[in-house]
Amino acid sequence: MAAAEPAVLALPNSGAGGAGAPSGTVPVLFCFSVFARPSSVPHGAGYELLIQKFLSLYGDQIDMHRKFVVQLFAEEWGQYVDLPKGFAVSERCKVRLVPLQIQERFRPAIKYFGDIISVGQRLLQGARILGIPVIVTEQYPKGLGSTVQEIDLTGVKLVLPKTKFSMVLPEVEAALAEIPGVRSVVLFGVETHVCIQQTALELVGRGVEVHIVADATSSRSMMDRMFALERLARTGIIVTTSEAVLLQLVADKDHPKFKEIQNLIKASAPESGLLSKV
């Protein structure tokens, strides 16, 4: 379910140091959420100075009760990576501030947690590319922690705490009502037999078509997961995979975003133990 792709602005190529940059400074593009602002920092600036600059640029939009990580755009990978240890700004670059957000306390308990995080991140990247709104809920984050740092929630429409197992909250219903023509949703996360199942059944009861991404959905118990998916499939809910969902969303190789989606799925999703337990 999700928001528009974050805007990353390209700085003009103005030669070493950048035209107009004060002596001894380096031009840097600072990205946060859907925003991007060009600025500069002293040559050799490290993590702390970058954080200070983010606060000076976006202080009125940053929730200081949350934790963040600074990431650097890596040309060789074509995406952002965590800021290397001891990083110092030496040339023009792009950095972004990402909220540390599936939930940290679940990490040691959920089966194949790393696999569903990897696939979930791919789905979120696809949503950003295609401009599909994403809504995220966190089950009792005060006790269970926020979503893990590997999941990039940049540009999501809504992040809500909850205690109810289903994510169909009044705020979620209001957000869905703001999206024109919503007929179906895609669900993934944890736990399959609790939050995913109750959300899916509630949405189907309201006439919404539901797709559950099997390779991005797990539980602490594989038996719980297996019987939940079987029950959901019997009710007409579509149990599918991340690659099937992404290709269904573009539908045609002539889709303007097909190449970007193709790049996401060039490496197959992990064939973990989830495969034989569906």
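Please refer to the structure higher up on the page.
What counts, and at which threshold
Throughout, residues of each chain are indexed from 1 in the direction in which the sequence is written. Under the rules for a predicted model, residues below a pLDDT of 70 receive no local features and side-chain atom pairs below 80 are neither given nor counted, while totals for whole chains, interfaces and linings still include all residues. Side-chain measures were taken over the full set of non-hydrogen atoms in the model, leaving aside hydrogen atoms and water. At least two bridges found by DSSP between two strands are what make those strands a pair. Per the convention used, a helix needs a DSSP run of H or I reaching at least four residues, while a strand needs a run of E reaching at least two, with both numbered from the N terminus. Lines are fitted to the C-alpha atoms to define the axes, a helix being fitted only along its stretch in contact, and any angle between axes, read from their N-to-C directions, falls within 0 to 180 degrees. Burial here depends on accessible area, computed with a 1.4 Å probe over protein chains only, as a share of the maximum for the residue type. Under 20% is buried, over 50% is exposed, and the range in between is partly exposed. Our arc is simply the arc of the directions from the helix axis toward the C-beta atoms. Between two residues, a contact is recorded if the distance between any of their heavy atoms is within 4.5 Å.

**A closer look at the sheet that holds strand β8 (residues 184-190)**
Point 1. Strands sit in the order β8-β9-β10 across an open sheet of three strands; the sheet is parallel. Where the open sheet ends on each side, the last strands, each with one partner, are β8 and β10 (238-240). Sheet twist, expressed as the average angle between the axes of neighbouring strands with direction ignored, equals 30°.
Point 2. Sheet analysis places β8 next to strand β9 (residues 209-218), joined by six bridges and oriented parallel.

**What to know about the pairing of β9**
Remark: a regular strand shows side chains that alternate across the two faces of the sheet.
Point 1. When you tally the buried positions in β9, you get nine out of ten residues, the bulk of the element.
Point 2. As defined by bridge partners, β9 adjoins β10 across three bridges and the pair is classed as parallel. Residue pairing in the sheet places I212 in a bridge with V239 of β10.

**What about unusual backbone geometry?**
Point 1. In this chain, V190 is followed by E191 through a cis amide linkage whose omega measures -15°.
Point 2. Mapped onto the secondary structure, E191 falls in the loop between β8 and α5 (192-205).
Point 3. Not every positive phi belongs to a glycine, and Y112 is a case in point at roughly 55°.
Point 4. If you trace the backbone, Y112 turns up in the loop between β5 (93-99) and α2 (113-130).
Point 5. A positive phi angle, near 70°, is found at A251, a position not held by glycine.

**Focus on helix α4 (residues 170-177)**
Point 1. Among all positions of α4, only V172, A175 and L176 are buried. Along the long axis of α4, the arc covered by the buried residues comes to 100°, so they all point the same way. In α4, those exposed residues whose orientation departs by more than 90 degrees from the buried face are P170 and A177.
Point 2. In the core, the buried residues of α4 are packed alongside β6 (135-139) and β7 (158-162).

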